[in-house]
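# Breakdown of the fold
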Amino acid sequence: MNVTETTPLRAVALVCTLSPSPAPSSSQLLAEQTMAALSEHGVSGKVIRVADHDVRPGMATDMGDGDAWPEIRDTILGCDILVLSTPIWLGHPASTVQLVMERLNAEMSETDEEGRMLTYGKVAAVCVVGNEDGAHKVSADLFQGLNDVGFSLAPNAVTYWVGEAMHKTDYQDLDKTPEATADATATLAANTAHLARRLKTAPYPASP
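Figured I'd write up the structure that's included with this text. Predicted model, so just to flag it, every value in this text is computed and none were measured. (Residues numbered from 1 in each chain as written. Predicted model: local features only at pLDDT ≥ 70, side-chain atom pairs only at ≥ 80, totals over all residues. Heavy atoms only, no water.)

### Focus: the overall build of the chain
Keep this limit in mind: The way it works is that DSSP assigns letters per residue, a run of H or I at least four long becomes a helix, a run of E at least two long becomes a strand, and they are numbered from the N terminus. Here the globule rule reads 2.2 Å times residues to the power 0.38, and the radius of gyration is calculated from C-alpha atoms. In this analysis, two residues are considered to be in contact whenever any of their non-hydrogen atoms come within 4.5 Å of each other. Accessibility throughout is a Shrake-Rupley quantity obtained with a 1.4 Å probe, and a residue counts as covered only by protein chains that appear here. Charged-residue counts in this description rest on Lys and Arg as positive and Asp and Glu as negative, His and the chain ends being excluded. A charge is said to be at NZ when it belongs to Lys, at CZ for Arg, at CG for Asp and at CD for Glu.
Secondary structure assignment for the chain yields five helices and six strands. In terms of C-alpha radius of gyration, the chain reaches 17 Å, essentially the compact-globule figure of 17 Å for 208 residues. In terms of overall dimensions, the chain has C-alpha extents of about 50 × 50 × 30 Å along its principal axes. By sequence separation, contacts in the chain at least 24 residues apart represent 80% of the contacts at least 6 residues apart. About 10,100 Å² of surface is accessible on the chain, with carbon and sulfur atoms providing 53% of the total. Of the charged side chains in the chain, 14 are positive and 27 negative, and the gap between their average positions amounts to 4 Å.

Put into structure tokens, the structure is as follows:
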């Protein structure tokens, strides 16, 4: 096996449910399933529920006054893979993940000695859950933002589940994971780990 196929990788999943722990969360469940799938490809890491931390609104790396984002940011920068997991609310990503994206916007002005954003070479993926259609719209919004702030995206970098319109079933209430979602999670994990390893051994060129 090629060394690049066994290089250890680190990942962090940011769960962007509106509810702090210990409230149950479908976004948390899908994030944990994604991390488990990544572990099959030599990826270790942890899950952080953003609502459990005092992340201040703004577009700076540190908003001061007890802001919890700097510690979360250090975790992201110490990882090879970032997973964002969000519910759909009113057809849009949850406000918590929008807050995260706004904080990540500050990375556009943070560069290494060769002029690259510190997020260059890191790979992102997205998990989406909801009880109505909208997973493609939500992932499209997040893909664009993640790309803008320096993350790379592998093919099929989203896994999702949406229930029937007007129904109240949550992903976490299903008796078992639907095969289509399980397959999407497995594909996300395989492609994301593959790309992260390639970028770890072959970084992007310095910015002109």
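Continuing now.
### Describing the nonpolar core
Note the following rule: Take the buried Ala, Val, Leu, Ile, Met, Phe, Trp, Tyr and Cys residues and link them wherever side-chain atoms come within 4.5 Å; each set so joined is a nonpolar core. The classification of residues rests on relative accessible area computed with a 1.4 Å probe and restricted to protein chains. Under 20% of the type maximum is buried, over 50% is exposed, and intermediate values are partly exposed.
Formed by 29 residues in total, the largest nonpolar core has its most connected members in Leu-14, Ile-76, Leu-82, Leu-104 and Leu-146. Those elements that provide at least two residues to this core are strand E1 (9-15), helix H2 (69-77), strand E3 (81-89), helix H3 (95-104), strand E5 (123-130) and helix H4 (135-148). Ranked by size, the runner-up nonpolar core spans 21 residues in total, among them Ala-11, Leu-30, Ile-81 and Val-123.

### Quick word on the pairing of strand E2 (residues 43-49)
As a reminder, the rule being used: Strands are labelled as partners when DSSP assigns at least two bridges between them. With strands facing away from the observer, any crossover in which the path from the first strand over the helix to the second runs clockwise is taken as right-handed.
Inspection of the sheet shows E1 paired to E2 by seven bridges, in the parallel sense. Residue pairing in the sheet places Arg-10 in a bridge with Ser-44 of E2. For the crossover that starts at E1, traverses helix H1 (residues 26-39) and ends in the parallel E2, the hand is right-handed.

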